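Here's the letter readout for the chains.
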Amino acid sequence: MSTDTTEATERQTRLVGLAARDVVKTFSVKGKENLVLDTINLEIPKGEFVSVIGPSGCGKSTLLRIFADLIPVTSGTAVVDGISPQLARADRRLGVVFQQANLMPWRSVLRNVGLPLEVEGRGKVARDATSRELLELVGLAGYEKHLPRQLSGGMQQRVAIARALSTEPDVLLMDEPFGALDEITRERLNQELLSIWGRLRPTVLFITHSIPEAVFLSSRVVVMGARPGRIVDVVDVDLPYPRDPGARTDPAFHAAESRIRALLATAGGH
Ligand SMILES: Nc1ncnc2c1ncn2[C@@H]1O[C@H](COP(=O)(O)OP(=O)(O)OP(=O)(O)O)[C@@H](O)[C@H]1O
């Protein structure tokens, strides 16, 4: 490979937010290899917001866990922010948010948000200042001293998002973060998440079971099928950012919704 080509390839890799190249994942269950992800190929440029939708058990969380460096691939390559998931995690370029906020019940909201910085060894003054800024960003200024149990489910998820943002990650992996919330709270948090993303522009991989949520948030929606888990298609959402609630009534919104619904019907239901 010539130096020019090598440099071009390296430049391209640096611009990759997330990529899966021929990723295969099998789990061994009772001595039998179970194929869960079958040759996943996906490329998400830096700063893009992409959702993944698909029937239960198609491997959405497995894919996210590979990117989060929680499990290894069986074969193929996963790329996070231009490097391996292991390096990205070690370099604190990754933030992860799950369906459950998983806050420490005995720690105040402020000290929950600051936990990753504490682990990093950052001093208390700097930690608290960053945590306060993040709480302001997620709309929780004034709740610093509260304990998690004194907050609603939606507020707890906001704390989890603030905590995930504390290390200024380039990549945010979100596994059904609003799945347990009511519709009104969910729509409000969708709007807030988009405004945070617009300000910080991390690459986001967002797993959801909700078609409108996927369409509202994303520039592209990856539709997966099951048994074995595979990508059926990737649907472009032809709506500009910033998006407001009016986007939900746009013909392009309905077009993307219908397309995803049709794909899910052929992918084995939803
Ligand atoms: N650690 C594991 N050991 C064995 N099998 C596993 C393991 N983790 C996941 N699986 C299997 O892999 C498949 C995909 O699971 P995964 O949780 O990724 O699906 P999902 O699409 O996220 O599902 P859901 O929408 O219900 O959350 C399932 O059949 C699951 O049982």
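Residues numbered from 1 in each chain as written. Predicted model: local features only at pLDDT ≥ 70, side-chain atom pairs only at ≥ 80, totals over all residues.

- The chain goes by Sulfonate ABC transporter ATP-binding lipoprotein in an unreviewed UniProt entry, where it is assigned to Actinotalea fermentans.

1. Some remarks on the pairing of strand β3 (residues 49–53)
Turning to step 1, where the next piece is worked out: In terms of burial, β3 is largely enclosed, as five of its five residues are buried.
Turning to step 2, where the next piece is worked out: By the bridge criterion, four bridges tie β3 to strand β7 (residues 203–207) in an arrangement that is parallel. Across the sheet, phenylalanine 49 pairs through a bridge with valine 204, a residue of β7.
Turning to step 3, where the next piece is worked out: Here four bridges tie β3 to strand β8 (residues 220–225), and the two strands are oriented parallel to one another. Along β8, the bridge assignment pairs isoleucine 53 with valine 223. (Buried ≥ 20, exposed ≤ 12 C-beta atoms within 10 Å, placed from the backbone. Helix = DSSP H or I, 4+ residues; strand = E, 2+ residues; numbered from the N terminus. Pairing = 2+ DSSP bridges.)

2. Here's the deal with the sheet that holds strand β4 (residues 75–80)
Turning to step 1, where the next piece is worked out: With antiparallel pairing, the three strands of this open sheet are ordered in space as β2-β1-β4. Edge positions in the open sheet fall to β2 (32–45) and β4, since each of these has one partner strand only. In this sheet, neighbouring strand axes are inclined to one another by 20° on average, regardless of whether the strands run parallel or antiparallel.
Turning to step 2, where the next piece is worked out: With ten bridges joining them, strand β1 (residues 16–29) and β2 adopt antiparallel strand pairing. Of the residues in β2, the one forming a bridge with valine 16 is proline 45.
Turning to step 3, where the next piece is worked out: Each of β1, β2 and β4 is contacted by helix α2 (residues 60–67), which is oriented at about 115° to β1, the strand it contacts most. (Axes fitted to C-alpha atoms, helices over the stretch in contact; angles between N-to-C directions. Contact = placed C-beta atoms within 7 Å.)

3. Brief notes about unusual backbone geometry
Turning to step 1, where the next piece is worked out: Cis geometry is found at the peptide bond from arginine 227 to proline 228, where omega equals -10°.
Turning to step 2, where the next piece is worked out: Here proline 228 shows up in the loop between β8 and β9 (230–236).
Turning to step 3, where the next piece is worked out: Residue tyrosine 241 is joined to proline 242 through a cis peptide bond whose omega torsion reads -5°.
Turning to step 4, where the next piece is worked out: Checked against the element boundaries, proline 242 lands in the loop between β9 and α10 (251–266).
Turning to step 5, where the next piece is worked out: Of note, the phi angle at threonine 39 is positive, near 55°, even though the residue is not glycine.
Turning to step 6, where the next piece is worked out: Tracing the backbone shows threonine 39 in strand β2.
Turning to step 7, where the next piece is worked out: Taking the number of C-beta atoms within 10 Å as the measure of exposure, threonine 39 has 15 and is therefore partly exposed.
Turning to step 8, where the next piece is worked out: One non-glycine residue, arginine 201, lies in the positive phi region at around 50°.
Turning to step 9, where the next piece is worked out: Within the secondary structure, arginine 201 is located in the loop between α8 (183–200) and β7.

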